[in-house]
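# Observations on the model geometry
Single-letter residue listing:
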Amino acid sequence: MAFTIDRVDVHQVAMPLLSPWRTSYGQDDSIHSLLVRVISGDLEAWGEATPFERPEYSSEWAHGGLDLLRSCLAPACVGIELATARNVRAPLDRYKGNHFAKAALETACWALEARLTGRSLRELLGGRRDAVEVGADFPVMDSFEELVAAIGGAVDEGFRRVKLKFRRGWDLPMLEVVRSHFPDLVVHVDCNNAFSLEDLDLLRGLDRFGLAMVEQPLHHDDLHHHAALARMIETPICLDESITTPARARLAVELGSCRWVNIKPGRVGGLAAAVEVHDILREAGIPCWVGGNLESAIGASIATAFGTLDNFSYPADIFPTDRLYREDLATPEVTFRRIDGVPHAIPDDASCARQPDPERLRRMSVGSATVTSGQLATT
Ligand code: MG
């Protein structure tokens, strides 16, 4: 069912975290996200992608995304008739890179198509699962005691896998302590590209902990050295930052760079590309799981719908609102359902349209813009 985008509203928001999110690349005290509303006739829908405040996770940053959406991406799409949401990739692809900014707009178009057709996003994407198992994630903390207590809480809540951020000074001794308390728990570590092949001894040291995988140990742009490392350590390598396009997913398969991939729609430019990456990896026999960037309930809902596809076989990085925030920017907030005691995210049905709470949006907004029929108005 074709539609024309009449207007695009873009918001950069800063969502204050309950506690700092510390990784190998730095610390975020609030999460900077891009929220996009697309309006077609009397219908509207919201999308989200979360590049963070500074270009530390990737080369993108939220303020740059706002500027690009305002100056290039939204004007390229307003007034164009789209046969489906998938087709919005064409006008966006003339601009290089900037996947998170594109995804904020592209995911809004998918949400609009869902409203227009009365189908859920899960249905549009071809997902078949009714629920998506989720895992527990812990950033670098002040002490090992604090981490052990947090993991114990997650185990008590029924989480079946735990992901730990891993960086120099929070490395093998941290795993010794975790394993001494939780010898059989499914655990993996995320390095956020902190290391190089010069750190081979440390990376080989991971093998004695029986980890499910090591996520993005080496440079974000380096598929070759990940392939070399895969031949030198036993712990399976999972790529995150390195898989930015379907072509890079194909190359990683050809080189043997990984045995797992974490897919984030924002990182690859939206849902159409994310489904393409998922399908390439499924055909290559490489299982995937859904990653996250601490999005609001809008992004979490998008990730959950995506997570119903059939090649996801490891618990997802989708977080309930109360794990990260005092209040969610959007409503309804994210909650989990226990199935056989295990927390799961439930995909929204066609009647659910998540949107920002207007007062919270005003309070958390850092900058915004509106684009209509090629005309630009900044607020
Ligand atoms: Mg990661």
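Here the structure is shown first, and the text comes after it.
Here's what I pulled together on the structure shown here. On a predicted model such as this, the values are computed, not experimentally measured, just so you know.

## As for the environment of T84
Topologically, T84 is positioned in the loop between β5 (81-82) and α2 (89-93). Residues T84 and E254, spaced 170 residues apart in sequence, show a C-alpha to C-alpha distance of 32 Å. A distance of 3.2 Å separates a polar atom in the side chain of T84 from the backbone nitrogen of R86.

## Here we look at the packing of helix α1 (residues 62-77) against helix α3 (residues 99-117)
Interaxial distance between α1 and α3 falls to 10 Å at its minimum, and their mutual angle equals 50 degrees. Between α1 and α3, the interaxial angle falls into the category oblique. Crossing hand, α1 versus α3: right-handed. Seen from α1, the contacting residues are G65, L68, L69, L73, A74 and C77; seen from α3, they are A101, K102, A104 and L105. Classifying every residue of the contact of α1 with α3 by side-chain character gives eight nonpolar, one polar and one charged.

## Points about the coordination of the magnesium ion
Protein coordination at the magnesium ion: the donors are D190 (OD), E215 (OE) and D240 (OD), at 2.1 to 2.4 Å from the metal. When its relative accessible area of 1% is taken as the criterion, D190 is described as buried.

## Observations concerning the side chain of R267
Looking at where R267 falls in the secondary structure, it is placed in helix α10 (residues 265-268). Taking relative accessible area as the criterion, R267 reaches 3% and is therefore assigned buried. Here the side chain of R267 touches I243 through a polar contact of 2.8 Å, landing on its backbone oxygen. Once residues lying within four places of it in the same chain are set aside, the contact partners of R267 are Y57, H99, F100, D240, E241, I243, T244, V261 and N262.

## Notes on the nonpolar core
The biggest cluster of nonpolar side chains holds 123 residues, and the ones touching the most others in it are F138, L164, F166, L175 and F306. Among the elements that take part in this core, α3 stands out by supplying 11 residues, more than any other. M213, C238, W260 and Y314 belong to the second-largest nonpolar core, a separate cluster that totals five residues.

## Brief notes about the sheet that holds strand β10 (residues 214-215)
With parallel pairing, the seven strands of this open sheet are ordered in space as β7-β8-β9-β10-β11-β12-β13. Unpaired on one side and paired on the other, β7 (136-138) and β13 (288-290) mark the two borders of the sheet. Looking at chain direction, strand β8 (residues 161-165) and strand β9 (residues 186-190) are connected through five bridges and run parallel. Considered in β9, the bridge of R161 is made with V186. Along the sheet, helix α11 (residues 271-284) makes contact with β12 (260-263) and β13, crossing β12 at roughly 170 degrees.

## Regarding the pattern of salt bridges
One pass over the structure, following the stated rule, counts 35 salt bridges. For the salt bridge of R360 with E327, the shortest nitrogen-to-oxygen distance reads 3.4 Å. Of this pair, R360 sits in helix α14 (residues 358-364) while E327 sits in the loop between α13 (321-324) and β14 (330-331), placing them 33 residues apart in sequence. Looking at R360, the relative accessible area reads 21%, which means it is partly exposed.

## A word on the packing of helix α9 (residues 246-255) against α11
Any two packed helices are characterised by how steeply their axes cross, that is the angle between the axes, and by the distance between the axes. Orientation of α9 relative to α11, taken along the N-to-C sense of each, is 15 degrees, at an axis distance of 9 Å. One finds that α9 runs roughly parallel with respect to α11. As for the relative orientation of α9 and α11, their crossing is right-handed in sense. Between α9 and α11, the residues in contact are P246, A249, R250 and V253 and A273, E276, V277, I280, L281 and A284, respectively.

## Notes on the side chain of S257
Positionally, S257 belongs in the loop between α9 and β12. Within the local environment of S257, its side chain forms a polar contact with the backbone oxygen of L223, the two atoms lying 2.9 Å apart. Leave out the neighbours within four places in its chain, and S257 touches L223, H226, A227, I237, L239 and A252.

## A look at a negative patch on the surface
Together, D156, E157, D322 and E333 make up a region of like negative charge exposed at the surface. Take E333: it is sitting in the loop between β14 and β15 (337-339). Its relative accessible area of 45% is what places E333 among the partly exposed residues.

## Description of the environment of V342
Relative to the helices and strands, V342 is located in strand β16 (residues 342-345). Overall, the relative accessible area of 8% leaves V342 in the buried class. Separated by 183 residues in the primary sequence, V342 and F159 place their C-alpha atoms 5.9 Å from one another. Filtering out sequence-adjacent residues up to four positions away, V342 remains in contact with E133, G158, R160 and R337.

The rules behind each value
Residues numbered from 1 in each chain as written. Predicted model: local features only at pLDDT ≥ 70, side-chain atom pairs only at ≥ 80, totals over all residues. Heavy atoms only, no water. Helix = DSSP H or I, 4+ residues; strand = E, 2+ residues; numbered from the N terminus. Polar contact = N/O pair within 3.5 Å; in protein donor to acceptor, adjacent residues only side chain to side chain. Axes fitted to C-alpha atoms, helices over the stretch in contact; angles between N-to-C directions. Parallel < 35°, antiparallel > 145°, perpendicular 65-115°, else oblique. Left-handed = near helix turned anticlockwise from the far one by under 90°. Contact = heavy atoms within 4.5 Å. Nonpolar A, V, L, I, M, F, W, Y, C, P; charged D, E, K, R; others polar. Donors = N, O, S within 2.8 Å, 3.2 Å for Na, K, Ca; no water. Buried < 20%, exposed > 50% of the residue type's maximum accessible area, 1.4 Å probe, protein only. Core = buried A, V, L, I, M, F, W, Y, C linked by side-chain atoms within 4.5 Å. Pairing = 2+ DSSP bridges. Salt bridge = Lys/Arg side-chain N within 4 Å of Asp/Glu carboxyl O. Patch = residues over 30% accessible without salt bridge, like charges linked within 9 Å, V, L, I, M, F, W, Y side chains within 5 Å. Areas by Shrake-Rupley, 256 points an atom, 1.4 Å probe, with all protein chains shown as cover. Lys, Arg positive; Asp, Glu negative; His and termini not counted. Charge placed at Lys NZ, Arg CZ, Asp CG, Glu CD.

Bear in mind that shape data such as this cannot, by itself, settle questions of function.
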